[in-house]
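Structural overview
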Amino acid sequence: MAIPSQTIEQIAAANDIIEVIGSYFPLKRAGANFKALCPFHQEKTPSFHVSPQRQTFHCFGCGVGGSVFRFVMDYEHIDFPSAVRKLAARVGIPVIEERGPSDGEDRQHEARRILLQLHGETAGWFHENLIKKEFAEPARKYLKERGITAEMAKRWRLGYAPDEWDAFGSWARGRGYEMQTLIASGLVKTKEDAAGAPGQRSYDRFRDRIMFPICNDVGEVIAFSGRVLKEKEGAAKYLNSPETPLFRKGSVLFGLDKTKRALIEVNCAVVCEGQLDLISLFEAGITNVVAPQGTAFTETQARMLKRLVDEVVLCFDSDAAGTQAAERSLDALLQNDLIVRVAEIPAGDDPDSLVRREGKEEFEKRITAARDFFDYWIEHEVAEVDLASLGAKMQLARSLAETVSRVHDPLMRGEVASKVSARLGVPVQDFQALFPKQSRSSGIRSDESRPAARENPPRHDVAMLCLLALRDEAARDFLREQNWREILAQVPDAEILVRILESDLRPSDAASLNAFMATLSPVDEGLVSCWLLQKVPPNTEKMVEKWWLGIRQGVLRRQLDVAKNRIRLPQLSTGEQVNLQKEILDLLKELRELPKLSSASRIDS
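Notes on the structure follow. Note that the coordinates shown come from a computational prediction; the quantities given were computed from them, not determined experimentally.

**Focus on the pattern of salt bridges**
Side chains that differ in sign of charge can pair as their charged atoms come close. Counted by the stated rule, this structure contains 26 salt bridges. Here Lys360 and Glu364 are joined by a salt bridge, their closest N and O atoms 3.9 Å apart. Note that Lys360 and Glu364 are positioned in helix 15 (residues 360-368) at a spacing of four residues, about one turn of the helix. Judged by relative accessible area, Glu364 falls into the partly exposed class, the value being 33%. One salt-bridge network, held together by shared partners, links Glu9, Arg506 and Asp509.

Below, the structure written as structure tokens:
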């Protein structure tokens, strides 16, 4: 499988790197470029630079850098084809790949494409049922009672699954989808999956439910969540799609495709439990909101949020399940050094009912007044224990110490330890002594994402020629007019310069540079991105000639040294000695005349 270079260049040209990176975290202008704290290693002073002119990024702290494709690959932890497809979808460019008929990767990609198509069309079918079909009147009535208008239902593509065993399956098969695809999607189950199924061999997973499409962060439907319309014994209130090749429950945040920009701007995520909670808050104007698929956060979901915000406000229900979900979320959020607060939700209420009854401003006051998670947590834990009992107090202290020790930020960990020790009436030193030994250090994590350093970075003369060939059209043309293949074959660490001269890149075209960098290793791409951010030396015509002259002189001197060493060898025949003497004289002459020839070549051109 291969994506044509013309398509890659077209996608690079259509995706402004400032907009792409800015959709993940804020960038601040710094002269002609933009800066930010590097997302790939921990730092306090911004060393992450993005060039709108060159459409590249580079971190001078850890060395990572490259094209818009490299950024998406590293940030999203995906491969190159996936990054290309993601950026293509962002700007609506179709990706027509050159495929081999028996390529396993091709088959996997085609299966994914068909599943995405099926989910998108299914969302449309569910929505049409809700809006137009008479049998969906109870669903429309329910949504109206919950404050969901027809316009809101359209924006969120809400739908309804009929109360029939094979309504969806029959519709999908009629559109040409094979049973294998329907089962792989999780939208259809086989008879063996559950007791009480009817006589047919397969049946619809979702029946008599209001349907919420679950999208990935670029808005593609990848799964569904169905809310039961009529309470039935043994039926779950909410039913989600099973895990499929498209959908991993712990790796998706509901609503993120619509709320990402607001999260970045506010630098805070309001987290609620259910889809209706999120929709009600969003439609009320509180748009920096997300919902996990379930209640407690996974490590992956917390990591996704950390890329966008520094703070999280949990708005889980006030019942026991909501309290437990908040506590179970703690570890994942702490692992990513997120500031966590908890909003007070009155008993019997949820975010949906509160924002509809009190309005946006009152709900925002609750968010502003949300308590630090540890204040909430300490009060809840301490309330369960008799502090007059020394044994009970120490048992609680050990439990709390283990949790506090997992806070990575040393300042935050110290503050929390002080709060807990004060509430327990235990000296802070004694409380910290209960931390597991491996957690008593500074808490600074080793950076696993820092790219490996290049074992043999190019020497200075090669690096200067690379910079000139990347940045100046005339310098590149001059080098390509020389016998560069023959010369550079004899120069150590010149492979990157050979790649630059072999390519069809155009120094003045940012999309062309991005397409070229997509062919490099991550380390070489980091080098190129660094060169692209350097200032171009003045008088590039003289500079490129000077550095190329130095390269050629170095090659000739090495050849001369080899010839002089060989002529000293014993037992050489007379003919071999004569040939070596002639070679030495020719090399000496070429070295003397080289500066004159080089100048003449520039004048003639």
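**Digging into the packing of aromatic side chains**
Throughout the structure, instances matching the rule amount to 25 aromatic pairs. Between Trp125 and Phe168, the aromatic rings sit 6.0 Å apart at their centres with planes inclined by 55 degrees, giving tilted as the arrangement. Residue Trp125 is located in helix 5 (residues 104-132), and its partner Phe168 is located in helix 8 (residues 167-174); the two are separated by 43 residues in the primary sequence. For the pair Trp125 and Phe168, one class covers both residues: buried. One aromatic cluster is present, built from ring pairs that chain together Tyr24, Phe25, Phe40, Phe48, Phe57, Phe71 and Tyr75. Here the basic side chain of Lys258 rests over the ring of Trp156, its NZ or CZ set 4.7 Å away from the ring centre. We note Lys260 situated over the ring of Tyr24; from NZ or CZ to the ring centre the distance is 5.3 Å.

**With respect to the side chain of Ser529**
Its location among the elements puts Ser529 in helix 25 (residues 522-532). Note on Ser529: relative accessible area 0%, which makes it buried. In terms of polar contacts, Ser529 uses its side chain to reach the backbone carbonyl oxygen of Phe57, at 3.4 Å. Contacts of Ser529, omitting those with residues within four sequence positions, involve Phe57, His58, Gly65, Gly66 and Met517.

**Considerations on the sheet that holds strand 17 (residues 371-372)**
One open sheet holds the six strands; their spatial order is 12-14-13-15-16-17, and the pairing between them is mixed. In this open sheet, the two edge strands, each paired with only one partner strand, are strand 12 (253-254) and strand 17. Both strand 12 and strand 14 (residues 289-292) contribute to a ladder of two bridges, which runs antiparallel. Each residue of the ladder has a partner; that of Leu253, found in strand 14, is Pro292.

**Here we look at the side chain of Asn15**
Its location among the elements puts Asn15 in the loop between helix 1 (5-14) and helix 2 (17-22). Asn15 sits in the buried class, given a relative accessible area of 1%. In terms of polar contacts, Asn15 uses its side chain to reach the backbone carbonyl oxygen of Ile11, at 2.9 Å. A polar contact of 2.9 Å, which involves the side chain of Asn15, links it to the side chain of Arg90. Asn15 has contacts with Val20, Gln55, Leu87, Arg90 and Val91, leaving out every residue within four places of it along the chain.

**Digging into empty space enclosed by the protein**
This structure, assessed with the given rule, holds one cavity of 30 Å³ or more. In this structure, the largest cavity occupies an estimated 90 Å³ of space. Together, Arg155, Trp156, Arg157, Pro213, Ile214, Cys215, Leu253, Phe254, Gly255, Asp257 and Lys258 line the largest cavity. Taken together, the elements giving at least two residues each to the lining of the largest cavity come down to strand 9 (209-215), strand 12 and helix 10 (256-266). Its residues placed into classes, the lining of the largest cavity shows six nonpolar, one polar and four charged.

**Re the packing of helix 1 against helix 24 (residues 510-517)**
Between helix 1 and helix 24, whose axes approach to 8 Å, the crossing angle comes to 125 degrees. With respect to their mutual orientation, helix 1 and helix 24 come out oblique. In this structure, helix 1 meets helix 24 at a crossing whose hand is right-handed. Here helix 1 contributes Ile8, Glu9, Ala12 and Ala13 to the contact with helix 24, which in turn contributes Ala511, Ser512, Asn514 and Ala515. A class-by-class count of the residues in the contact of helix 1 with helix 24 yields five nonpolar, two polar and one charged.

What counts, and at which threshold
Residues numbered from 1 in each chain as written. Predicted model: local features only at pLDDT ≥ 70, side-chain atom pairs only at ≥ 80, totals over all residues. Heavy atoms only, no water. Salt bridge = Lys/Arg side-chain N within 4 Å of Asp/Glu carboxyl O. Helix = DSSP H or I, 4+ residues; strand = E, 2+ residues; numbered from the N terminus. Buried < 20%, exposed > 50% of the residue type's maximum accessible area, 1.4 Å probe, protein only. Phe/Tyr/Trp six-rings, centres within 6.5 Å; stacked < 30°, edge-to-face > 60°. Lys NZ or Arg CZ within 6 Å of the ring centre and 35° of its normal. Polar contact = N/O pair within 3.5 Å; in protein donor to acceptor, adjacent residues only side chain to side chain. Contact = heavy atoms within 4.5 Å. Pairing = 2+ DSSP bridges. 1 Å grid on protein atoms, 1.4 Å probe; cavity = no way out; pocket = protein on both sides within 12 Å on 5 of 7 lines; lining within 4 Å. Points joined across faces, edges and corners; volume = space filled by probe spheres on them. Nonpolar A, V, L, I, M, F, W, Y, C, P; charged D, E, K, R; others polar. Axes fitted to C-alpha atoms, helices over the stretch in contact; angles between N-to-C directions. Parallel < 35°, antiparallel > 145°, perpendicular 65-115°, else oblique. Left-handed = near helix turned anticlockwise from the far one by under 90°.

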